[in-house]
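Residues per chain, in single letters:
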Amino acid sequence: MSLKAGIVGLPNVGKSTLFNAITKKNILAANYPFATIDPNIGVVTVPDKRLEFLENLYMPKSYVPTTFEFTDIAGLVKGASKGEGLGNKFLSHVREVDAIVEVVRCFVDNNITHVEGQIDPIRDIEIINIELILSDLEIVDNRLERIAKKAETTKDKEALLEVEILRKCKTALEQNIPLRLIDLTEEEKFVLKAFNFITLKPLIYVANVSEEDASLGENEYTKKVFEYATKENTNMIVMSAKIESELSELEKNEKKEFLIELGIDSSGLDQLIFATYDLLGLQTFFTVGKDEVKAWTFKKGMNAKKCAGLIHSDIERGFIKAEIMKYMDLKELKDEKKVQESGKLNLEGKDYLMQDGDIVYFRFNV
């Protein structure tokens, strides 16, 4: 299951520095707008201590963690929806991601220019959000122009429903309300899915702070972002992209020592990965054995048969049963046979809803 988050923000807010840290790639990061022209895609490993335990228990020939894609999208500017800067090109890249990570500058550095002249995170957020809203509004207007009159003439039920939903979206967007903040039924969401609206995508804010403020966990700017995010019912993470970039160059033990020195409990990147994973409703199940221990990403609410298809379509097609162990049971008993003897190895059918941390063996016949 390939899912990705797009990193957006104004120029010079620390997006590319953050992306460098995420992927450990030396993507161009420069003190001028549009340093990143093509979207850069990096695959990041989702940290999971459960996988480490399973690897130590089974000692497999290989182990495969679950991964997640981050896309670094060039800095948007005011007027991007009308083609300012390199806006239209990058807005199309934002449409291709599953979730949005909006980086907001919450640090002062006279050596790094700000495209708007001074630090104001709420103004920056609103510039980005309005450009995304205008981009979606253009799509709504164009679609309504094409189908509204015809739908009303033919009285086609599906077309009339689409017009009704689009007009609902138009009303919200004209009031500068992102589509993710309006109440939509499952039917309405299904109709809108084909349009790939940017403001319908889940979003998380990253408040990029100085090294000094990272240990404090907040400053005057992050407090404002937190209030804004809370009103939107949106998550926010405070981190220093500069520190994360430095951490990405260190070995595991050195990283732990550096975090202790800084007085930081955990890496901001780890927090971001977990938060983005959760934002998309993603969970993990495991397959284990002497040959391979592997983590698999699935959407919360997927049943056993659909999860089997993530491994191979033949397994889904010929699905019989799923043998399920809970991670915590195996961790406690440290032996598959003991789990079985204790009555904690369950046989589940195709409609079983997979749970985070399930250890699975799929029985199938093709």
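All values reported here derive from a predicted model rather than from experimental measurement. (Residues numbered from 1 in each chain as written. Predicted model: local features only at pLDDT ≥ 70, side-chain atom pairs only at ≥ 80, totals over all residues. Heavy atoms only, no water.)

Draft legend 1. Examining the packing of aromatic side chains more closely. Per the stated rule, a full pass over the model turns up nine aromatic pairs. Measuring from ring centre to ring centre gives 6.2 Å for F285 and W296, while their planes differ by 10 degrees; the resulting arrangement is stacked. Of the two residues, F285 sits in strand β8 (residues 282-287) while W296 sits in strand β9 (residues 292-299), which places them 11 residues apart along the sequence. As far as the burial class goes, F285 and W296 line up, both buried. Consider the rings of F285 and F362, whose centres lie 6.1 Å apart with planes at 90 degrees: the pair is edge-to-face. One end of the pair, F285, is in strand β8; the other, F362, is in strand β12 (residues 358-364), with 77 residues separating them in the sequence. Members of the aromatic cluster, each reached through a chain of ring pairs, are F285, W296, F298, F319 and F362. The ring of W296 has K294 sitting right over it, with the charged end atom 4.0 Å from the ring centre. (Phe/Tyr/Trp six-rings, centres within 6.5 Å; stacked < 30°, edge-to-face > 60°. Helix = DSSP H or I, 4+ residues; strand = E, 2+ residues; numbered from the N terminus. Buried < 20%, exposed > 50% of the residue type's maximum accessible area, 1.4 Å probe, protein only. Lys NZ or Arg CZ within 6 Å of the ring centre and 35° of its normal.)

Draft legend 2. Structural view of the pattern of salt bridges. One pass over the structure, following the stated rule, counts 20 salt bridges. The shortest N-O distance in the salt bridge between R95 and D136 comes to 2.9 Å. Of this pair, R95 sits in helix α3 (residues 87-95) while D136 sits in helix α4 (residues 121-154); the two residues are 41 residues apart in sequence, bridging distant segments of the chain. Taking relative accessible area as the criterion, R95 reaches 12% and is therefore assigned buried. Given a relative accessible area of 0%, D136 falls into the buried group. Residue K170 is joined to D141 by a salt bridge in which the shortest nitrogen-to-oxygen separation is 2.6 Å. With K170 in helix α5 (residues 157-174) and D141 in helix α4, the pair connects residues that are 29 residues apart, well separated along the chain. Given a relative accessible area of 28%, D141 falls into the partly exposed group. A single network of salt bridges, built from pairs that share partners, joins D48, R50 and D356. (Salt bridge = Lys/Arg side-chain N within 4 Å of Asp/Glu carboxyl O.)

All quantities given are derived from atomic positions and should not be read as evidence of function.
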